[in-house]
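Chains, contacts and geometry: an overview
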Amino acid sequence: MRLFDSLTRTVKEIEPVEPGRVKIYACGPTVYRYVHLGNLRTFLLPDLIRRALEFEGHDVTVVQNITDVGHMTDESSPEAIDKMLLAVEDEGLQPLEIAEKYTQEALHDMELVGIRTPDVMPKATEHIPEMLDLIATLIERGHAYVVDSGSVYYDVGSFPGYGKLSGNTLENLKAGHRDLETDPAKRHHADFALWKAAGPGRLMKWPSPWGDGFPGWHVECSAMSMKYLGDRFDIHTGGNDLKFPHHEDEIAQSEGAVGHPVVSTWTHGGFLRLTGQKIAKSTGNVIRAPELVERGLDPLAFRWLTFEARYRSEMDFTWEGMEAADRRVKQLRRHVAEWGAAAPQLGSAAEAFDVRFRQAVANDLDMPTALRVVNDLDRSGDVPPGEKRVLLASWDRVLGLDLERDARAGWEPDDEVRRLVAERDAARAAKDYATSDRIRDELQAIGLEVMDTSEGTKVRPR
Ligand SMILES: [Zn+2]
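Thresholds applied
- Positions within a chain are numbered from 1, following the residues in the order the chain's sequence is written.
- pLDDT decides what is reported in this predicted model: residues at 70 or higher carry local features, side-chain atom pairs at 80 or more are listed and counted, and totals for whole chains, interfaces and linings draw on all residues regardless.
- Neither water nor hydrogens contribute to the side-chain values; these are computed over all heavy atoms in the structure.
- A run of H or I in DSSP becomes a helix once it reaches four residues, and a run of E becomes a strand once it reaches two; helices and strands are each numbered from the N terminus.
- The quantity called the radius of gyration is restricted to C-alpha atoms. Its globule counterpart is 2.2 Å times the number of residues to the power 0.38.
- For every residue, the accessible area obtained with a 1.4 Å probe (protein chains only) is divided by the maximum for its type, and the residue is called buried under 20%, exposed over 50%, and partly exposed between those limits.
- Throughout, a contact is declared for two residues whenever any of their heavy atoms are within 4.5 Å.
- In these tables, accessible area is a Shrake-Rupley quantity obtained with a 1.4 Å probe, and a residue counts as shielded only by the protein chains included in the view.
- We call two strands paired when DSSP finds no fewer than two bridges between them.
- Classification remark: right-handed applies to a crossover when, strands pointing away from the viewer, the course from the first strand over the helix to the second runs clockwise.
- Think of each axis as a best-fit line through the C-alpha atoms, taken over the contacting stretch in the case of a helix, with angles from 0 to 180 degrees between the N-to-C directions.
- Throughout this description, any angle smaller than 35 degrees is read as roughly parallel, any larger than 145 degrees as roughly antiparallel, any in the 65 to 115 degree range as roughly perpendicular, and the remainder as oblique.
- For any pair of crossing helices, the crossing counts as left-handed if the nearer helix is rotated counterclockwise from the farther one by less than a right angle, and right-handed if it is rotated clockwise.
- As a working rule, the residues Ala, Val, Leu, Ile, Met, Phe, Trp, Tyr, Cys and Pro are called nonpolar, Asp, Glu, Lys and Arg charged, and the rest polar, with Gly in that last group.
- Donors, by definition, are the N, O and S atoms found within 2.8 Å of a metal, the threshold being 3.2 Å for Na, K and Ca, and water is not counted, so a site can look incomplete.
- One fewer than the residue count of a helix, multiplied by 1.5 Å, yields its expected span.

With respect to the overall build of the protein
- In terms of helices and strands, the protein carries 15 helices and 15 strands.
- Whereas a compact globule of 462 residues would reach a radius of gyration of roughly 23 Å, the protein reaches 25 Å, a difference of no more than 12%.
- Along the longest, intermediate and shortest principal axes, the C-alpha atoms of the protein span 80 × 45 × 40 Å.
- A buried classification covers 54% of the 462 residues belonging to the protein.
- A fraction of 74% describes how many contacts in the protein between residues 6 or more apart in sequence connect residues 24 or more apart.
- Carbon and sulfur atoms form 49% of the exposed surface of the protein, whose accessible area is close to 19700 Å².

Thoughts on the pairing of strand β9 (residues 233-239)
- Burial analysis of β9 places seven of its seven residues in the buried class, which makes it a mostly covered element.
- Inspection of the sheet shows strand β3 (residues 21-26) paired to β9 by three bridges, in the parallel sense. Looking at the pairing, Tyr-25 lines up with His-236 of β9.
- Pairing of β9 with strand β10 (residues 263-269), which is carried by six bridges, proceeds in the parallel orientation. Across the sheet, residue Ile-235 finds its bridge partner in β10, namely Thr-265.
- Assessed by its sense of winding, the connection that carries the chain from β9 through helix α6 (residues 243-258) to β10 is right-handed.

Description of the packing of helix α14 (residues 415-429) against helix α15 (residues 433-445)
- Taken N-terminus to C-terminus, the directions of α14 and α15 make an angle of 155°; their axes are 8 Å apart at the nearest point. One finds that α14 runs roughly antiparallel with respect to α15. Seen from above, α14 lies across α15 with left-handed handedness. On the side of α14, the interface is formed by Val-417, Leu-420, Val-421, Glu-423, Arg-424, Ala-427 and Arg-428, while α15 contributes Tyr-433, Thr-435, Ser-436, Ile-439, Arg-440, Glu-442 and Leu-443.
- Partitioned by chemical class, the residues of the contact of α14 with α15 number seven nonpolar, two polar and five charged.

A look at the coordination of the zinc ion
- Around the zinc ion, the protein contributes the donor atoms Cys-27 (SG), Cys-221 (SG) and His-246 (NE2), which lie 2.0 to 2.2 Å from the metal centre.
- Look at where the donors of the zinc ion fall in the sequence and you get C-x193-C-x24-H. Taken as a pair, Cys-27 in the loop between β3 and α1 (37-55) and Cys-221 in helix α5 (residues 217-229) lie far apart in primary sequence, 194 residues in all. Neither residue differs from the other here; Cys-27 and Cys-221 are each classed as buried.

Some words on α1
- An ideal rise of 1.5 Å per residue puts 27 Å on 19 residues; α1 measures up with 26 Å between its terminal C-alpha atoms.
- Burial within α1 is extensive, with 18 of its 19 residues counted as buried.
- Residue Gly-57 follows α1 closely and has a positive phi angle near 100°.

Right, here's the structure in full:
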């Protein structure tokens, strides 16, 4: 599996630091507002990487954070407005109630578009001690300094690689970058806050060696990624807009603290635009996943829509495109049901399709090509229906479109059947064929067809 690395600007083979397990950190939702389809396109990227790697046989750990404090604005000027505070004013709830509400909404919307729940979803507010440790280390190592107000700034001049991800080197940043940042105590105007002294009226603040305050946004991702994945891990994802300053600052913090590169591959996703504009709260252009459902569209079809473009490209969201994706996914589900039982094995024509699909996915997630393979297979006269079904069921582990939904309709295995299937798979894994055959006979005796597939035992009414 190869992915484009934004740092080296090359396509790299994924070779996990810990053999057999790929570790991914994904910047997650900010929970003072709803996530929109643009956010969901970004969050689909780590999900797709995970699915593609698991499809290749890797084990994968995904950590995706919940930002519930701190970064609401990155400015350190006194005028900077904390958007969490605005939400508190608007909705009459306390900050953690706001955070809890929008966390649940975000998880729900992610589930609607088939994003598998990350293995760990650490909350920034629950990792203040880890952030304080990291900040103390950076001060010790000469990468950060405390100012009179009690804020702590990262000294970008102390980190020679600053700007290597985004191209915003100190040289390039000279010309009036962030004029609004007015704290005269900063050594360089690009120095960013690791810890901010709590001003009057601040609701969320914590004690620290430098006085009461709250963390800067970037420090949470350095602290939480290294806590859960170690100081060398494989893939870090986020939207293109996070390259600077968020990820640039994260690199400076993490590498400044441990003295070596932490992330092997930086993967960034392109924006989703609505009628030519970036979908963002600030423009009022917000479409949420539940709106797809309200319009009678299957939210999983949003996956198909996003697969029509390469993940790094910007893409336009249109309702026509979304409706076409919805029709196509529903049509494929009907076809899968019409193809009938899965074939016990694949012929050479089907194998060739499988190779094409796998190559497309492994090639920096070339999903437009993968969808073409799906369409070609659907139309193909060379592959028997039962084999088409096996292929689509297998590929759906990557696509996540629930393509067997219609085929399953009207019948679901009950707990007893599920138990027998699990026992049979365990027996087969242990090469205990006498037991596996006995369970097969039992399943057949209750009227089920038993199929051996690459994913284990499948059953359906005969
Ligand atoms: Zn982040």
